[in-house]
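Fold and geometry: a report
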Amino acid sequence: MSFPFRRAAATLAGKAALQLSRRLGTGGGTQLPGVVARRVAPNVLHELAAGLPHGVILVTGTNGKTTTARMIASVLKAAGLQVLHNRAGANLITGLTATAVAGADLFGRLRADVGLFETDEAHVPAAIRETQPRVVLVLNLFRDQLDRYGEVDTIARKWRAALETLPATSTVVLNADDPAVAYLGDGLACKVLYYGLQDIRHGVGAVQHMADSQFCRRCGTAYVYDPVFYGHVGHYRCPNCGLARPTPDVRLERLTLSGIGGALLAITDAEGVFDVRLPVPGLYNALNALAASAVALALAVPPPTIRHALESFTAAFGRIERIPIAGRDVLMALIKNPVGASETVRMIVGTANNPDAHTSAATSADGLPLLNLLVVINDKIADGTDVSWLWDADFEQLGDQVGHVIVSGTRAADMAVRLKYAGVPPERIETVPQLGLVLDRVLALQPREQPLYLLPTYTAMLELRDELVRRGLVKPFWED
Amino acid sequence: MYQLAIAHLYPEQMNIYGDRGNILTLRQRCQWRGIAVRVDGIKPGQVVDWASYDLVFFGGGQDSGQALIADDFVQRHGASLKAAIDDGLVLLAICGGYQLLGHYFLTHTGDKLPGIGALDVHTVGGEKRLIGNILIEWTGQKRGAVRRTLVGFENHSGRTYLGTGVQPLGLVQRGFGNNGEDRTEGAVYRNAHGCYMHGSLLPKNPHFADHLLSLALERRHGAVAGLVPLDDGLEVQAHDVMVERLG
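Residues numbered from 1 in each chain as written. Chains lettered and ligands numbered in written order. Predicted model: local features only at pLDDT ≥ 70, side-chain atom pairs only at ≥ 80, totals over all residues. Heavy atoms only, no water.

In this model, chain A carries a mean pLDDT of 86, and residues with pLDDT of at least 70 account for 88%. Throughout residues 355-361 of chain A the model reports pLDDT below 50, and contacts reaching past four residues in sequence, or to other chains, amount to 12 contacts. (pLDDT = per-residue confidence, 0-100. Contact = heavy atoms within 4.5 Å.)

Note on helix geometry: an α-helix contains 3.6 residues per turn, so any two residues three or four positions apart are oriented the same way. Residues and elements named next belong to chain B. The first and last C-alpha atoms of helix α2 (residues 63-86) sit only 28 Å apart over 24 residues, clearly below the 34 Å expected at 1.5 Å per residue. At His77, α2 shows its maximal bend, which comes to roughly 65 degrees. Every buried residue belonging to α2 is among Gly65, Gln66, Ile69, Asp72, Phe73, Val74, His77, Gly78, Leu81, Ala84 and Ile85, and all of these are buried. The first or second residue beyond α2 is Gly88, which carries a positive phi of 105 degrees. (Helix = DSSP H or I, 4+ residues; strand = E, 2+ residues; numbered from the N terminus. Expected span 1.5 Å × (residues − 1). Bend = angle between axes of the 7 residues up to and from the residue. Buried < 20%, exposed > 50% of the residue type's maximum accessible area, 1.4 Å probe, protein only.)

Turning our attention to the interface of chain B and chain A. It is common to report an interface's size as the accessible area lost on association of the parts. Contact with chain B, which involves 35 residues of that partner, is made by 35 residues of chain A. Across the interface of chain B and chain A, roughly 2,900 Å² is buried in total on both sides, 50% from carbon and sulfur atoms. At the surface where chain B touches chain A, the tally comes to four salt bridges. Asp379(A) is the partner of Arg245(B) in a salt bridge, and the nearest nitrogen-oxygen pair spans 3.0 Å. Our count for the chain B to chain A interface comes out at 11 residue pairs in polar contact (both at pLDDT 80 or more). The biggest single contributor to the side of chain B that touches chain A is helix α5 (residues 233-246) of chain B, with seven residues. (Buried area = accessible area lost by both parts, 1.4 Å probe. Salt bridge = Lys/Arg side-chain N within 4 Å of Asp/Glu carboxyl O. Polar contact = N/O pair within 3.5 Å; in protein donor to acceptor, adjacent residues only side chain to side chain.)

Another aspect to go through is the sheet that holds strand β11 (residues 272-278) of chain A. Residues and elements named next belong to chain A. Strand order in the open sheet formed by nine strands is β2-β3-β1-β4-β5-β6-β9-β10-β11, and the pairing between neighbours is mixed. In this open sheet, the two edge strands, each paired with only one partner strand, are β2 (83-85) and β11. Sheet twist, expressed as the mean angle between neighbouring strand axes with direction ignored, is 20 degrees. Pairing between β2 and strand β3 (residues 114-118): three bridges, direction parallel. By the bridge assignment for β3, His85 is matched with Leu116. (Pairing = 2+ DSSP bridges. Axes fitted to C-alpha atoms, helices over the stretch in contact; angles between N-to-C directions.)

A few words on the environment of Arg428(A). All names here are of chain A. Structurally, the position occupied by Arg428 is in the loop between α13 (412-421) and β16 (429-431). Overall, Arg428 belongs to the partly exposed group, its relative accessible area being 29%. Sequence separation of Arg428 and His404 is 24 residues, and the distance between their C-alpha atoms is 4.9 Å. The residues contacting Arg428, other than those within four sequence positions of it, are Leu370, Val402, Gly403, His404 and Val405.

Below is the structure:
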């Protein structure tokens, strides 16, 4: 083979762009190097990925991509592999390319063993085409930024067409409990591995109002659920044509949530059972850990290694992250779409009500501690310019649980109205649109012994992060 | 005690872009005033006596959701709902619901999907989606409301054209409106209102929400003393922030 001049030139150009971008202080340089490298050699990602001895893993879905990919990365590292991973969350095709370029030497060769790419929903077809992945993990599919992605069904169709191109040597790992995702596996040429939650104690009453895929993919009849875990995720069956949740290969047999402290998981597959004491809270994180375990098992990582890695896991910035700020326990959780926001609120209300959680003086009518919240809603491109989704999210759970809530961001006023109609008394809602002023206000109000919950949209989270970095309270994210 | 019955058409299939916020708003604004309010979700296959409802809401849906209900709506409810609207039934329809109240939707492949023809409008499928924040001057109101603007968010590929049998809901100040050409947005016929405004529409346009509630109360209880004013500080702020940004 002749020397790949073009790939080397593309790598070099991308690296130069990265240096320049960092020197100019324009952030972590998470996209620009990819744009530059692809301009020089459009095929650069394909060529670099082809050189990875253990291939590429893609992680996609509406919610949980970043956290799950980080869990997989921890497990693979614990298994002794060098992992090329877009940790900073640059998940468009240019971001994947930038990650690959940054990980390559000056001859355009990757030094890693395996590629792990969190992938934006809209970029899945391109990522599959260019990286020819060994494993594709699909977590879930909910409505998200309809102004950008279009409808849920459109995305599912595009994913399906892309997955159909995978050879028999690839494995697709799918969430059996999400009907829109499980249906993707029907009759594929590649291997299909399903994971699912068996512990029906985590069911909630009825399908929530905003469910996207509650109608049978085959015949259009409404699914019957027994039970629903959240959104349209649960144990479903079509009463008309019989299409039902596939029996999962990797199963979360027993899940015990223990408040803000984390959760205990008992996971089984054909080989047996293993326990994981997960140090991050909530049903969502437990399901992310299950998905990560399924991918690891598909790659033949031994369960003790999976367990060891997950038990020392720390969350990505803003993804249900605990930050001590000036002596206060602050829990930050990104909200960006209805189902994710509903689950985050459920987790917050649940952890606050857990007897092991923090105690505080103020309590609601039923004796539960009242919550202090900061909700920051922006409507920039990366957040989605349409804030209609706030009305599909189940903020009603907060109703009488809020002690004080500050709303901020470019759509602070919309959020204030949303909370009022969710049953939060207006006198407990304070609007501070300018983010710069918010942290001072929050710290002035917040009693030291109570936890504070921060719920930002994506760009709001970055702004908050910058402000915290400026104050020396957290490190810059691209060093993360 | 005043009371209102609200019908919410196909909430499981037609529930996109936060249109549920409109139902939450109508319900809360009744409850805060001590008006007994009942909201019934209407499912496919259900027989409806329109005379038993004071207000009807019909939101937008994903294409798949709309496909599941379009036949049921047109065949089961077409004639009876059209007659009820002719008779003055108060109604708000948004996006897909608005289009189904018109004569037809002409797809870009040339298929003519029937509506119920209760509003004298028709819709033509377009290539490019019309997406973004929208601000209109509300010209359809009957009373001297303080605020004459409505704010929302539109996201539609259909271009709707008005016939002579309807008035526009308003004139576009910022955004696209019915078709991006003639500056009109929405349509009003008697007490039936259709438009493309998500956002949700009613929470940050409380004057329009109360307009619909007034129409419905008057129709049921005859001349009423007027709605008890509410403290709309937060709602008005949400409205004014967007008027200032877009105006």
